[in-house]
Amino acid sequence: MKEDKHIPVKVSVFERISKKMKPIKNKVGSLIEGHYNSSSVFPERDLTVLLELQVSCTILCNFLDELKEQATEASTDELQLLPEEVTLLTTLVTAVESASTHGLGNTNLMDH
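Residues numbered from 1 in each chain as written. Predicted model: local features only at pLDDT ≥ 70, side-chain atom pairs only at ≥ 80, totals over all residues. Heavy atoms only, no water.

Asker: Looking at this structure, how should I read the overall build of the chain?
Answerer: A tally of helices and strands in the chain yields three helices and four strands. Order of helices (α) and strands (β) in the chain, N terminus to C terminus: β-α-α-β-α-β-β. Residue pairs at least 24 apart in sequence account for 78% of intrachain contacts in the chain once pairs closer than 6 positions are excluded. With an accessible surface of roughly 7,400 Å², the chain has 53% of that area assigned to carbon and sulfur atoms. (Helix = DSSP H or I, 4+ residues; strand = E, 2+ residues; numbered from the N terminus. Contact = heavy atoms within 4.5 Å. Areas by Shrake-Rupley, 256 points an atom, 1.4 Å probe, with all protein chains shown as cover.)

Asker: What is the right way to read the packing of helix H1 (residues 11-36) against helix H2 (residues 44-73) from this model?
Answerer: Helix-helix packing: each pair is described by the crossing angle between the helix axes and the interaxial distance. Interhelical geometry of H1 versus H2 gives an angle of 150° and a closest axis separation of 8 Å. With respect to their mutual orientation, H1 and H2 come out roughly antiparallel. In this structure, H1 crosses over H2, and the sense of that crossing is left-handed. The residue inventory of the contact of H1 with H2, partitioned by class, reads 19 nonpolar, five polar and five charged. (Axes fitted to C-alpha atoms, helices over the stretch in contact; angles between N-to-C directions. Parallel < 35°, antiparallel > 145°, perpendicular 65-115°, else oblique. Left-handed = near helix turned anticlockwise from the far one by under 90°. Nonpolar A, V, L, I, M, F, W, Y, C, P; charged D, E, K, R; others polar.)

Asker: Looking at this structure, how should I read the environment of Pro-43?
Answerer: Position of Pro-43 among the secondary structure elements: in the loop between H1 and H2. Linking Pro-43 and Leu-104, residues 61 residues apart in sequence, is a C-alpha distance of 8.9 Å.

Asker: How should I be thinking about unusual backbone geometry in this particular structure?
Answerer: Only a minority of non-glycine residues have a phi that is not negative, and only a minority of peptide bonds are not trans. Of note, Ser-38 is a non-glycine position whose phi angle comes to about 65°, a positive value. Tracing the backbone shows Ser-38 in the loop between H1 and H2. The backbone of Ser-75 shows a phi angle near 50°, a positive value even though the residue is not glycine. Structurally, Ser-75 is set in the loop between H2 and strand E2 (78-81). Under the relative-accessibility criterion, Ser-75 is labelled exposed at 68%. (Buried < 20%, exposed > 50% of the residue type's maximum accessible area, 1.4 Å probe, protein only.)

Asker: Would you explain the environment of Leu-31 in this entry?
Answerer: The residue Leu-31 is located in helix H1 in this model. Looking at Leu-31, the relative accessible area reads 11%, which means it is buried. Spatially, the C-alpha atom of Leu-31 lies 9.0 Å from that of Val-41, the residues being ten residues apart in sequence.

Below, the structure written as structure tokens:
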């Protein structure tokens, strides 16, 4: 039987990604809340981007939290991830970062 190769990833990488993603996730949530409270109404296309981004941010943050929890339980500063897990992680990070640089109405996710 073929043995799966694992890729070592430091927990500090998960922590840095989490630190960068949490403000984006909060901003997306705030913009969506503003849309539904009518304080800032987005066109359907922009709202769809925001909702998809919220899903991606939530999945990514939950995945990172699970990985950090696994490392804590194993008392290690490095996890051995399957290539598929690394691919998922990089795909989600890339999607969130890419979407966060696009303008949405009269704002973007990089504004503070």
